[in-house]
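# Topology and contacts: notes
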Amino acid sequence: MIYSAGGEVTAVVATAGFGDGEEGGCATTDFAGFPHGAIALTPPGPCFRRDAVLNAVAAGASALVVSYPQWPAGAVRRPTLLIPGGMDIPALSASGAVGEVLRAAADAGTQVHISVHTEIQRAMVHNVIAESRAVADRVVMLGGHLDSVHDGPGINDNGSGTAALLEVARVLAEQHPGVRALRILGR
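Let me begin by describing the structure that accompanies this report. (Residues numbered from 1 in each chain as written. Predicted model: local features only at pLDDT ≥ 70, side-chain atom pairs only at ≥ 80, totals over all residues. Heavy atoms only, no water.)

### A word on the state of the cysteines
Let me state the cut-off plainly: Note on terminology: disulfide denotes any pair of cysteine sulfur atoms within 2.5 Å. Every helix listed is a DSSP run of H or I at least four residues long, and every strand listed is a run of E at least two residues long, numbered separately from the N terminus. Whether a residue is buried, partly exposed or exposed follows from its accessible area with a 1.4 Å probe, protein chains only, as a fraction of its type maximum: under 20%, in between, or over 50%, in that order.
With the rule as written, the count across this model stands at one disulfide. Residue pairing for Cys26: its cysteine sulfur links by disulfide to Cys47, the two sulfurs lying 2.1 Å apart. Taking the sign of the S-S torsion, -80° for the link of Cys26 and Cys47, the bridge is left-handed. A residue pair is termed long-range when its members are at least 10 positions apart, and Cys26 in the loop between β1 (7-15) and β2 (39-42) and Cys47 in the loop between β2 and α1 (49-58) qualify at 21 residues. Both residues of the pair, Cys26 and Cys47, count as buried.

Take a look at the structure:
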């Protein structure tokens, strides 16, 4: 998961958040009686994955794996933990098949090994701010981003939004020059 801690863990697997009235690791009660040092296996729940990781950390889990039964092998997404702070254990999302194997390991009391290598670093990003000349107290501000997502290269995340911003700027400049200042923020 994005912002997961790294680590090498060899431990038994214990389930949390499965069954009636349990919340997929979203409630602290999902981890009642959780064996300290075990790898937590949960289903997806209705909360942010970050909350499930924090609950697993508080219960003494050495890692967390969230099994998504609807995900086929090779189609696992990368849910985000929002920010790295507090993510002290490896946190992974797994396809349904991997989740089934880990569930069987939990039932059998078998140890498994998890190896997660992460790198989190600050990076400089550049923004472009453009503002037309017009009445400064009548500013229309529009924003968008032009970047990519983890699963594919290129402008596949809001390329249409950035194109719409440029079209708005073109039309306003052509049909209403100098009426309002237009500020466009792009990243």
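### Digging into the nonpolar core
Put simply, the rule reads: Residues belong to a common nonpolar core when they are buried Ala, Val, Leu, Ile, Met, Phe, Trp, Tyr or Cys residues joined through side-chain atoms within 4.5 Å. We call two residues in contact when some of their heavy atoms are within 4.5 Å.
If you look at the biggest cluster of nonpolar residues, it comprises 20 residues, and the most contacted ones within it are Phe31, Phe34, Ala40, Val53, Ala56 and Leu64. At the level of secondary structure, the elements contributing two or more residues to this core comprise α1 and β3 (63-68). If near-sequence neighbours (up to four positions away) are discounted, Leu64 is found in contact with Ala40, Thr42, Ala52, Val53, Ala56, Ile89, Pro90, Ala91 and Leu92. Within the second largest apolar cluster, 14 residues are counted, among which are Ala94, Ala105, Ala106 and Val112.

### Section: the packing of aromatic side chains
Which entries qualify depends on this criterion: Each Phe, Tyr or Trp ring (for Trp, its six-membered ring) is paired with any other whose centre lies within 6.5 Å, and the angle between the two planes then decides the class: stacked below 30 degrees, edge-to-face above 60, tilted in between.
Within this structure, the stated rule accounts for two aromatic pairs. When the centroid spacing of 5.6 Å and the interplanar angle of 65° are considered together, the rings of Phe31 and Phe34 count as edge-to-face. Each of the two residues, Phe31 as well as Phe34, counts as buried. Judged by centre distance (3.9 Å) and plane angle (10°), the ring pair of Tyr68 and Trp71 falls under stacked. Considered together, Tyr68 and Trp71 belong to a single accessibility category, that of buried residues.

### A closer look at the environment of Gly109
Here Gly109 lies in the loop between α2 (96-108) and β5 (111-116). In this structure Gly109 comes out as partly exposed when scored by relative accessible area, which is 45%. As for Gly109 and Ala14, which are separated by 95 residues in sequence, their C-alpha atoms are 8.3 Å apart.

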